[in-house]
Amino acid sequence: MIDFSLILPSRERTHLLKGLLASISKATADTSRIECLVAVDADDSESVNASEGLKNQYPWLTVVVGERQDNFSDGYYNRLANLSTGRYVQALNDDVEFVTPHWDRIAITVLKDYQERHPDGILYGFPADSGYGYACFPLLSRQAVDAMTWFFHPEFSCWGADIHLHEIYSLAERVLHLPYKLNHAQQNDAVHQRLGAISHYNFGSAAGESLRLKSHLSTSTSFTPK
């Protein structure tokens, strides 16, 4: 059974993607219980050409090739979340690396304990990834993704979706801090600059989305993992 689905888009950053995948391989205790889904654009020959070799090197890697998207939340992250099969879904960038050895075993213990106390299983996981008051690379339980029908709100085309997500789950009191670290070596390249140019926001929707999330929360005391 897959515990963790790691999802991200990547474009023209093969060197960074290789670093991320190597860090996952090194830091994960049991790679048979993870999957990594990477979305690449059909017109990105660099990434497409590298994908076959990377899949051979990392059997837990799936590369999803499609048309280039202007909405990262819906066109990449939400699409990959819907394709994923893990109990927990972790959003990443290609300029991130896992630092904590055996992060998966450490996290699964904390996550299962939390879900035993919250029988609906809905949670937002906050790894040590930024030093900000929100997770740049949040983790959601499968129950949370199913309840909201998306990972990131589709009205956030890129930047700000992580802040908005944290606000929703904070208002619903379903934030769990996770004891593993991610390093983020943020780039200032053409890809990064495009993200800023295409970003759109709807922060005002957080309160209503939190109320919608709360309608899925249970007060029962038993929990059966899905």
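This text follows the structure it describes.
Conventions we followed
Residues numbered from 1 in each chain as written. Predicted model: local features only at pLDDT ≥ 70, side-chain atom pairs only at ≥ 80, totals over all residues. Heavy atoms only, no water. Core = buried A, V, L, I, M, F, W, Y, C linked by side-chain atoms within 4.5 Å. Buried < 20%, exposed > 50% of the residue type's maximum accessible area, 1.4 Å probe, protein only. Contact = heavy atoms within 4.5 Å. Disulfide = S-S within 2.5 Å. Helix = DSSP H or I, 4+ residues; strand = E, 2+ residues; numbered from the N terminus. Pairing = 2+ DSSP bridges. Axes fitted to C-alpha atoms, helices over the stretch in contact; angles between N-to-C directions. Parallel < 35°, antiparallel > 145°, perpendicular 65-115°, else oblique. Left-handed = near helix turned anticlockwise from the far one by under 90°. Nonpolar A, V, L, I, M, F, W, Y, C, P; charged D, E, K, R; others polar. Salt bridge = Lys/Arg side-chain N within 4 Å of Asp/Glu carboxyl O. Patch = residues over 30% accessible without salt bridge, like charges linked within 9 Å, V, L, I, M, F, W, Y side chains within 5 Å. Areas by Shrake-Rupley, 256 points an atom, 1.4 Å probe, with all protein chains shown as cover. Phe/Tyr/Trp six-rings, centres within 6.5 Å; stacked < 30°, edge-to-face > 60°.

## Describing the nonpolar core
The nonpolar side chains of a soluble globular protein tend to be buried with one another. By size, the foremost hydrophobic cluster in this structure holds 70 residues, and its most contacted members are Phe4, Phe98 and Tyr169. Not counting residues within four places of it along the chain, the set of residues in contact with Phe98 comprises Leu6, Leu20, Ser23, Ile24, Ala27, Leu92, Trp103, Tyr180, Lys181 and Leu182.

## Looking at the state of the cysteines
Under the defined criterion, the tally for this structure stands at 0 disulfides. Unpaired in this structure, Cys136 has its nearest cysteine sulfur neighbour in Cys158, at a distance of 12 Å. Assessed through its relative accessible area of 14%, Cys136 is described here as buried.

## Comments concerning the pairing of strand β4 (residues 88–91)
Alternating residues of β4 divide into Tyr88 and Gln90 and Val89 and Ala91, and every residue in both groups is buried. The pairing of strand β1 (residues 4–9) with β4 spans 4 bridges and is parallel. The residue bridging Ile7 from the neighbouring strand is Ala91, located in β4. Where β4 meets strand β7 (residues 139–141), 3 bridges bridge the pair, whose relative direction is antiparallel.

## Considering the packing of helix α1 (residues 14–27) against helix α2 (residues 45–57)
Here α1 crosses α2 at 25 degrees, and the two axes come no closer than 10 Å. When the axes of α1 and α2 are compared, the pair comes out roughly parallel. Our pair here, α1 against α2, has a crossing hand that is right-handed. In contact with Thr14, Leu17, Lys18 and Leu21 of α1, α2 contributes Glu46, Ser47, Ala50 and Leu54. For the contact of α1 with α2, the per-class residue count stands at 4 nonpolar, 2 polar and 2 charged.

## Points about the pattern of salt bridges
Applying the stated rule across the entire model yields 12 salt bridges. Glu209 is the partner of Arg212 in a salt bridge, and the nearest nitrogen-oxygen pair spans 3.0 Å. Taken together, the positions of Arg212 and Glu209, both in helix α8 (residues 206–214) and 3 residues apart, correspond to about one turn of that helix. For Arg212, a relative accessible area of 31% translates into the label partly exposed.

## Section: a nonpolar patch on the surface
A surface patch of nonpolar side chains, amounting to about 370 Å² of accessible area, comprises Trp159, Ile163, Tyr201 and Phe203. As for its placement among the helices and strands, Phe203 is situated in the loop between α7 (190–198) and α8. A relative accessible area of 35% places Phe203 in the partly exposed class.

## Digging into the packing of aromatic side chains
Applying the stated rule across the entire model yields 15 aromatic pairs. A network of ring pairs unites the aromatic residues Phe4, Tyr88, Phe98, Trp103 and Tyr180 as a single cluster.

## A word on the packing of helix α6 (residues 161–171) against α8
Close contact between α6 and α8 brings their axes to 8 Å; oriented N to C, the two are set at 50 degrees. Taken together, α6 and α8 sit at an angle that is classed as oblique. Judged by the sense of rotation from one axis to the other, the crossing of α6 with α8 is right-handed. In this structure, α6 uses His164, Glu167, Ile168, Tyr169 and Leu171 to contact α8, whose residues at the interface are Ala206, Ala207, Glu209, Ser210, Leu213 and Lys214. When grouped by side-chain class, the residues that make up the contact of α6 with α8 number 6 nonpolar, 2 polar and 3 charged.

## Comments concerning unusual backbone geometry
Phi angles above zero are rare outside glycine, and Thr149 is one such case at about 70 degrees. Considering the arrangement of structural elements, one finds Thr149 in the loop between α5 (142–148) and α6.

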